[in-house]
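A look at the structure
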Amino acid sequence: MIPTSLSLTYPSASANGIATTQTPGGAGALTITAKTFTNPTYVTVTSGGSSEAGKNFTITGTMANGQAGSETIAGPGVSATVTTTRAFLTVTAITIDAATTGAVTAGWAQSGNSKPCPMDQYQSPFNVGMGVVVSGTINYTVQHTFDNVFDSTVTVTWFSHPVLAALTANQDGNYAFPVKAIRLKINSGSGVAALTILQAGTTG
């Protein structure tokens, strides 16, 4: 396999970079500025002095794998922020299922995850070597899944690598059992993390 490199860096978080302060009077769409991210990024919704618990916000756009998708998250409490669990490459709409009690904004976190890198699960033996090189102050995790990341009907479950998890320095590791895809997740911090993946037995 030709080495695959996944490099991630994130700008500072913004509480209102997608939707500035507004108080929706009913169910419907927030007024947003459509956003395109350089790397797949987690989207946030922030409340003012009122709780928006019990309401649901649906973020729609393009996911890390390049396919159209959405995620619905529960509203934040008083002066709180909620964050998506899926990373978005683009955000084209945010809707709410009821009127808000107070003002809300939408933006992004200084975190996200790379596109998924598919593996050849049929190689026997299955051996994958990996290394992460970092600069700056950044916290990262390497994750894998047994699901089809290109099937939009599947809710993909990701598992953290037993060694390459919540780290801040250069580290290498491996997979000695079949997985369908690998990704790099940035938990927090500023800087750059670059994951290089090399699978034995494949030529391209």
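All figures in this text were calculated on a predicted structure; none of them were measured in a lab.

1. What to know about the environment of Gly129
Along the polypeptide, Gly129 turns up in strand β10 (residues 128–145). Look at Gly129 and you get partly exposed, because its relative accessible area is 32%. Once the C-alpha coordinates of Gly129 and Ala181 are considered, the two residues, 52 residues apart in sequence, prove to be 13 Å apart. Among residues more than four places away in sequence, those in contact with Gly129 are Gly173, Asn174, Thr196, Ile197 and Leu198.

2. Looking at the pattern of salt bridges
A complete count under the given rule lists one salt bridge for this structure. A salt bridge links Glu52 to Lys55; the shortest N-O distance between them is 2.8 Å.

3. Some remarks on the nonpolar core
Grouped together as the largest cluster of nonpolar side chains are 22 residues, with contacts concentrated most on Met130, Val142, Ile182, Leu195 and Ile197. If you list the elements that add at least two residues to this core, you get β1 (4–8), β10 and β13 (181–199). For this core, the leading source of residues is β10, giving seven residues. In contact with Leu195, other than residues within four places in its own chain, are Thr4, Ser5, Leu6, Met130, Gly131, Val132, Val142, Ile182, Arg183 and Leu184.

4. A closer look at the layout of surface pockets
Reported here for the largest pocket is a volume of approximately 480 Å³. As for the largest pocket, its lining consists of 23 residues, of which Met63, Arg86, Val154, Val156 and Trp158 are closest to the centre. Contributions of two or more residues to the lining of the largest pocket are made by β6 (68–74) and β7 (81–96). Split into classes, the residues belonging to the lining of the largest pocket amount to nine nonpolar, 11 polar and three charged.

5. What about the side chain of Ser47?
Secondary-structure assignment places Ser47 in strand β4 (residues 35–47). Engagement of the side chain of Ser47 in a polar contact is seen with the backbone oxygen of Gly77, the distance being 2.4 Å. Setting aside residues up to four positions removed in sequence, Ser47 forms contacts with Glu52, Pro76, Gly77, Val78, Ser79, Ala80, Ala103 and Val104.

6. What about the pairing of β13?
A regular strand places its side chains so that they alternate between the two faces of the sheet. Judged from the five bridges that link them, β1 and β13 form a sheet pairing that is antiparallel. Directly across from Thr4, in β13, lies its bridge partner Ile197. Of the strand pairs in this sheet, strand β8 (residues 104–113) and β13 are connected by two bridges, and their pairing is antiparallel. When the bridges of β13 are listed, Gly112 appears paired with Ile186. Looking at chain direction, strand β9 (residues 117–118) and β13 are connected through two bridges and run antiparallel.

7. Points about the pairing of β8
Within β8, nine of the 10 residues are buried, which leaves it mostly tucked inside the rest of the structure. Sheet analysis places strand β2 (residues 14–22) next to β8, joined by three bridges and oriented antiparallel. When the sheet's bridge partners are listed, Ala19 is paired in β8 with Ala106. Examined bridge by bridge, β4 and β8 share six bridges and lie antiparallel to one another. Bridge pairing in β8 links Val45 to Ala106.

8. With respect to the packing of aromatic side chains
Scanning the entire structure with this criterion turns up four aromatic pairs. Plain terms: the ring middles of Tyr175 and Phe177 are 5.6 Å apart, the flat faces sit at 90 degrees to each other, and that makes the pair edge-to-face. Taking the relative accessible area as the measure of exposure, Tyr175 reaches 1% and is therefore buried. Three or more aromatic residues joined by ring pairs make a cluster, and in this case those are Phe146, Phe159, Tyr175 and Phe177.

9. Some points on the confidence of the model for the chain
In low-pLDDT segments, the atomic positions of the prediction should not be examined closely. Averaged over the chain, the pLDDT score is 94; the fraction of residues at 70 or greater is 98%. The element-level mean pLDDT for the chain is lowest in β1, coming to 90, with strand β11 (residues 159–160) highest at 98.

The rules behind each value
- Residues numbered from 1 in each chain as written.
- Predicted model: local features only at pLDDT ≥ 70, side-chain atom pairs only at ≥ 80, totals over all residues.
- Heavy atoms only, no water.
- Helix = DSSP H or I, 4+ residues; strand = E, 2+ residues; numbered from the N terminus.
- Buried < 20%, exposed > 50% of the residue type's maximum accessible area, 1.4 Å probe, protein only.
- Contact = heavy atoms within 4.5 Å.
- Salt bridge = Lys/Arg side-chain N within 4 Å of Asp/Glu carboxyl O.
- Core = buried A, V, L, I, M, F, W, Y, C linked by side-chain atoms within 4.5 Å.
- 1 Å grid on protein atoms, 1.4 Å probe; cavity = no way out; pocket = protein on both sides within 12 Å on 5 of 7 lines; lining within 4 Å.
- Points joined across faces, edges and corners; volume = space filled by probe spheres on them.
- Nonpolar A, V, L, I, M, F, W, Y, C, P; charged D, E, K, R; others polar.
- Polar contact = N/O pair within 3.5 Å; in protein donor to acceptor, adjacent residues only side chain to side chain.
- Pairing = 2+ DSSP bridges.
- Phe/Tyr/Trp six-rings, centres within 6.5 Å; stacked < 30°, edge-to-face > 60°.
- pLDDT = per-residue confidence, 0-100.

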